[in-house]
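# Architecture and fold: a report
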Amino acid sequence: MPATRPAWSDDDVEAFRDLARSFLEKECAPNEERWGAQQHVDREIWNKAGELGLLCPSIPTEYGGGGGTFALEAVMAEEQIRANAPSLGTAVHSTIVAHYINSYGTEEQKKRWLPGLASGAFVGAVAMTEPGTGSDLQNVKTKAIKTGGEYVIDGSKTFISNGLLANLVITVAKTDPDNAAAGISLIVVETDGAEGFSRGRVLKKIGQHGQDTSELYFDGVRVPVDNLLGGVEGQGFVQLMQQLAQERLVLAVAAVAAIEETLAVTVKYTKEREAFGKPVFNFQNTKFKLAEVATTAKIARVFIDDCITKHIAGELDIPTASMAKWWLTEQQCRVADECLQLFGGYGYMEEYPISKLFTDSRVQKIYGGTNEIMKEIISRFL
Ligand SMILES: Cc1cc2nc3c(=O)[nH]c(=O)nc-3n(C[C@H](O)[C@H](O)[C@H](O)COP(=O)(O)OP(=O)(O)OC[C@H]3O[C@@H](n4cnc5c(N)ncnc54)[C@H](O)[C@@H]3O)c2cc1C
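Residues numbered from 1 in each chain as written. Predicted model: local features only at pLDDT ≥ 70, side-chain atom pairs only at ≥ 80, totals over all residues. Heavy atoms only, no water.

## Description of the overall build of the protein
Counting its secondary structure elements, the protein contains 11 helices and 9 strands. Scaling as 2.2 N^0.38, a compact globule of 382 residues should have a C-alpha radius of gyration of about 21 Å, and the protein matches this with 21 Å. If you line up the protein on its principal axes, its C-alpha atoms span 80 × 45 × 40 Å. Within the protein, the proportion of its 382 residues that are buried is 54%. Once local pairs closer than 6 in sequence are excluded, the contacts in the protein between residues at least 24 apart make up 74%. Counting every atom, the protein has about 16,500 Å² of accessible surface; 53% of that belongs to carbon and sulfur. Distance between charge centres in the protein, computed from 38 positive and 50 negative side chains, equals 5 Å. (Helix = DSSP H or I, 4+ residues; strand = E, 2+ residues; numbered from the N terminus. Rg over C-alpha atoms; globule rule 2.2 N^0.38 Å. Buried < 20%, exposed > 50% of the residue type's maximum accessible area, 1.4 Å probe, protein only. Contact = heavy atoms within 4.5 Å. Areas by Shrake-Rupley, 256 points an atom, 1.4 Å probe, with all protein chains shown as cover. Lys, Arg positive; Asp, Glu negative; His and termini not counted. Charge placed at Lys NZ, Arg CZ, Asp CG, Glu CD.)

See below:
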């Protein structure tokens, strides 16, 4: 995706990029329209991705992963945009869910769940948001009350990515409902055959149509106490805060890839399309707009490469990850809007990739913590 090989990449990372690109172009892109219409990818595609080693690439090999670094997660996010095949929810599955388990799981929990996530036997989701609580995470109402050797979970979640197909859900719940942040724990729910677990609608969205975003219901769902991630109650909020930097970074990586792709398709289109007897590109307004977008793309690339390099070295701090998330997604949305304009009416038509780049972009400012919450976090460090 980047014009030149970034400093955080090497031959192994580029070999992974080639593999991801070929898989996305052959196995995913041709199905995107159908997946969009049915509002989810085919279940088998998860297993295909797993067979090729494209799931959990930065999880240690002893647990079935690829043994690489965050560089591989970044490459997967970039290539999904480049291939116009963003529906397979690997950012949630590999970059987020698997890393909660890898970072906080006991040895037994890692052996129990990570190989299945790497093969595609499990599809992962993380369920934080509830109908009444999004940004204010400390206020979740879902409860997991210890009863004998089990937790009994009651509550409902909404907007959950991979929500239709997921069969391993990291569920944010209060093990101590009288406490705010200190009462939160992460409970892993294997949903296959789980009594009391059900799914609501696959939600109709204005973009990302092939992504299954669903409601989940827990009505007295019982799981063994061994499913408490890390084995100690009350750690959930801290665990979430620590992992959210990686989640925000992967969203920012996708934002930069989208800015670069948007620029590329718009330069191409405006050089081909003619108005008043000359290419649209030749109007001064077009040239100036695209010069601005190219400048944004360059700054965005320098910033994200620096963030990725720091993250791989374990040095990306929380405010910088938040800056990357809000600023780059903001640029992504602005660039998508301004470039769509240069397509005229064709920009509004679904068959032109710019329309998908535009509609898919909008949610980037909302999920993973809204951009307002990012600024709230940054301000705490000023
Ligand atoms: C497509 C999609 C996929 C998603 N995937 C997942 C998922 O996989 N798992 C999951 O758990 N959630 C997921 N979400 C939920 C997402 O993380 C939340 O929508 C988001 O955190 C915002 O919460 P909310 O929608 O309840 O908005 P609210 O919290 O109600 O916010 C409404 C508005 O108020 C602003 N606001 C709130 N608090 C403050 C404050 N303190 N200061 C300033 N402004 C504030 C917000 O920025 C926003 O503009 C997804 C959402 C979407 C749309």
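Having seen the structure, we can now continue with the description.
## A closer look at the layout of surface pockets
By volume, the second largest pocket amounts to about 540 Å³. Forming the boundary of the second largest pocket are 20 residues, of which E33, H209, E350, S355 and K356 lie nearest the centre. Looking at the lining of the second largest pocket, the elements that each hand over two or more residues are helix 2 (32-38) and helix 10 (353-361). A breakdown of the residues in the lining of the second largest pocket according to their chemical character gives 6 nonpolar, 8 polar and 6 charged. (1 Å grid on protein atoms, 1.4 Å probe; cavity = no way out; pocket = protein on both sides within 12 Å on 5 of 7 lines; lining within 4 Å. Points joined across faces, edges and corners; volume = space filled by probe spheres on them. Nonpolar A, V, L, I, M, F, W, Y, C, P; charged D, E, K, R; others polar.)

## Details of the packing of helix 5 (residues 90-104) against helix 7 (residues 236-272)
Two elements in contact, helix 5 and helix 7, have axes whose closest approach is 10 Å; the angle formed by their N-to-C orientations is 150 degrees. On the basis of their axis angle, the class for helix 5 and helix 7 is roughly antiparallel. The way helix 5 lies across helix 7 gives a crossing that is right-handed. Residues A91, T95, I96, H99, Y100, S103 and Y104 of helix 5 pack against Q239, L240, Q242, Q243, L244, Q246, E247 and V250 of helix 7. Each residue belonging to the contact of helix 5 with helix 7 can be placed in one class, and the counts come to 7 nonpolar, 7 polar and 1 charged. (Axes fitted to C-alpha atoms, helices over the stretch in contact; angles between N-to-C directions. Parallel < 35°, antiparallel > 145°, perpendicular 65-115°, else oblique. Left-handed = near helix turned anticlockwise from the far one by under 90°.)

## Considering unusual backbone geometry
Backbone phi values are negative for most residues with the exception of glycine, while trans is the configuration of most peptide bonds. Of note, the phi angle at C56 is positive, near 55 degrees, even though the residue is not glycine. By secondary structure assignment, the location of C56 is in the loop between helix 3 (43-51) and helix 4 (70-82). The exposure class assigned to C56 is buried, which follows from its relative accessible area of 0%. Residue F159 is not a glycine yet carries a positive backbone phi of 60 degrees. Relative to the assigned elements, F159 resides in strand 3 (residues 150-161).

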